[in-house]
Each structure stands twice: as C-alpha cells, then as structure tokens.
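Given next are the chains, with one letter for each unit.
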Amino acid sequence: MKTIIRSLLACACLSTALAAYGEDPAPEALALAKRVAITTCGTCHGVQGVSAQPKFPNLAGQSENYLAAQLKAFRSQTRGDADALAYMWGMAAPLDDDTIQALSALYASKPGAAGSRVTDPALVARGQSLYLEGKLDQGVPACAACHGPDGHGIADFPRLAGQHAQYLLKQLDSFQTNMRNVAVMHGVASGLKGSDAEAVAAYLESLP
Ligand code: HEC
Ligand code: HEC
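Predicted, not measured: the structure shown is a model, and the values here were computed from it.

K.L.:
Quick question: what am I supposed to make of the site of ligand 2 here?
P.N.:
Taken together, the neighbourhood of ligand 2 is formed by 22 residues, with C143, C146, H147, Y167 and M185 sitting nearest. Within the side chain of Y167, a nitrogen or oxygen atom sits 2.6 Å from an oxygen atom of ligand 2. Contacts to ligand 2 include R180, whose side-chain N or O atom sits 2.8 Å from an oxygen atom. For the shell around ligand 2, the elements supplying multiple residues, two or more each, are α3 (64-75), α7 (144-147), α8 (165-176) and α9 (183-191). It is α8 that contributes the most residues to the shell around ligand 2, five residues altogether. When the residues that make up the shell around ligand 2 are grouped by side-chain class, the tally is 18 nonpolar, three polar and one charged.

Here it is as structure tokens:
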C-alpha cells in the first residue's frame, strides 16, 4: 500500500514539473501576452501580427523558437542595427522570459500573411529560382534548404513567406554589414549580387 501511495505521489510531482517546463505557456502569461500584443506590439506589427507598414515585420505564423530568440536578442542588445535599437531594444527590455515565451507562442499560432499580388512576374520568377536553387557559382546556397520549400521555415529557421520585401532587404543588408551579426546569413547575404536580393525579396513577399 505504502509503495502505491509513494509512486502515485511521485507521479503527481512529475506531472507538475512537466507542466512547469512544458511547451504551453501558463494561462496567466498567455493572458498578459494577449493584452501586451493588442495594446503595445499591435501598434506597429498589427493586432493579428500582420503589419500594414513594410518597415514593421509580420510576426504571425513565425517559428515560436525564432521569435523568442529574437526578443531575447533585442533584450540583451545583441541584435543591433539602427531600427532594432530604435524600436525593439526598448520594447523588449521589460519582458521577462515567461512573457517572451507566451508572446512567441501567441504569434506563432496565428495564420501567416496572405502574400502580395505579383507586379513584376519576371523579377519574381528570378527570385523563385534563386530561392529554390541558389547560385552556386556565387557561393549562394538554396534558401529553401533552411527556410523550407514553401518559405514557411523549418524548425527554428524563420518563416520568410509573405514578409514585406522592404524588411527582408534591410535584414539582408544588416547581415552583410554584420550590424545583425549571424555568421550563416552573413555568408549567404554577401554572395547576393546586383538585383539578386531584390528578386528573392519580391518572390518571398508574394508567397502565401
Ligand atoms: C514602435 C513600433 C514597434 C513596436 C511597438 C513593437 N515593434 Fe517589434 N519591431 C519593430 C521594428 C521596426 C522591427 C524591425 C527591426 C529591424 O529592422 O531589425 C521589429 C522587429 C520585431 C521582431 C523581429 C521579427 C523578425 O522577423 O526577426 C520581433 C519578434 C518583434 N519585433 C516583436 C515585438 C513585440 C513582441 C512587441 C511588443 C512587446 C513589439 N515588437 C513592439 C517595431 C516595433
Ligand atoms: C544554412 C541555413 C540558411 C540558408 C541556406 C539561408 N538562411 Fe536565411 N537564415 C538562417 C538563419 C539561421 C536565420 C536566423 C538568424 C538569426 O537567428 O537571427 C536566417 C534569417 C534570415 C532572414 C531574416 C528573417 C527575419 O525575419 O528577420 C532573411 C531575410 C533570410 N534569412 C533570407 C535568406 C535568403 C534570401 C536565403 C537564400 C539566398 C537564405 N536566407 C538562406 C539560415 C539560412
């Protein structure tokens, strides 16, 4: 009898521990995140995480781990180009880990942007071939290998589909100059020549 009670207690402890470290954020953290998303983040990123202005990235449908990593990078001031500093360092400073996790889960669960209308089919077609096949003679790997054939991201590699072209271009530039210091993307961005970046950004913006 004693052993049964002991193992039942052990079970109860284990499930409490799992709840604390599990994937789902606590209900209070999620409630706070929903409030913050509407009252603060939504001003720039849109209430549903799809922004109306190309300077502000869409967050909806983005990888949860990627979002959390970026918010922590803004908070520790390690993701640092001029816009990150001006807009996001201050936003991320007061967020604790639980709120970051809950905000990331919230945006990851929302449907991603629909993708824009194609205005320059030739440019978009060039971007598509670059995205899917890379340009190996310039040392540019296929983006699809990490960001997924549909641009929806793979595991922690971020979603790019439906993202504003202006934002994408600015990030490629920041990777190239190491203002946003990420070794793998520095290599990729440095190989993009001429209007390659513009083509791939136009293609990605058009993807649902
Ligand atoms: C005043 C406008 C503004 C507000 C408010 C704001 N952001 Fe941002 N956010 C930006 C800008 C601008 C960028 C792009 C920074 C850059 O270019 O590096 C950004 C980038 C981000 C990114 C990186 C996205 C990516 O694809 O890498 C995340 C995540 C993010 N914001 C989350 C939030 C959250 C969560 C809040 C609310 C707590 C918030 N933002 C509030 C302007 C804002
Ligand atoms: C070997 C894997 C890999 C390949 C190949 C790759 N990327 Fe990335 N990319 C990443 C990682 C990892 C990140 C996230 C960087 C970070 O943590 O800040 C990223 C981030 C980005 C971002 C920033 C997204 C955002 O929301 O801010 C853009 C834009 C991007 N990649 C474009 C491209 C393009 C265009 C190509 C192809 C020409 C490409 N990537 C190829 C791994 C890769």
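K.L.:
Help me understand the site of ligand 1 in this model?
P.N.:
By nearness alone, 25 residues border ligand 1, and C41, C44, H45, M88 and K170 come closest of all. Residue Y167 places a side-chain N or O atom 3.1 Å away from an oxygen atom belonging to ligand 1. One of the side-chain N or O atoms of K170 is found 2.5 Å from an oxygen atom in ligand 1. Looking at the shell around ligand 1, the elements that each hand over two or more residues are α2 (27-45), α3, α4 (82-92) and α8. Residue composition of the shell around ligand 1, by class: 16 nonpolar, four polar and five charged.

The rules behind these values
Residue numbers run consecutively from 1 along every chain, following the written order of its sequence. Numbering of ligands from 1 and lettering of chains from A proceed in the order in which they are written. Residue-level local features of this predicted model are given only where pLDDT is at least 70; pairs of side-chain atoms are given and counted only at 80 or more, and the full residue set underlies all totals for whole chains, interfaces and linings. To obtain the side-chain values, all non-hydrogen atoms of the structure were used and water was disregarded. Throughout, near means a residue has at least one heavy atom within 4 Å of the molecule or strand. Any pair of N or O atoms that falls within 3.5 Å is considered a polar contact. Within protein, one atom must be able to donate a hydrogen and the other to accept it, and sequence-neighbouring residues count only if both atoms are side-chain atoms. Put simply, DSSP H or I for four residues or longer makes a helix, DSSP E for two residues or longer makes a strand, and each gets a number counted from the N terminus. Residues are grouped as follows: nonpolar covers Ala, Val, Leu, Ile, Met, Phe, Trp, Tyr, Cys and Pro; charged covers Asp, Glu, Lys and Arg; every other residue, Gly included, is treated as polar.

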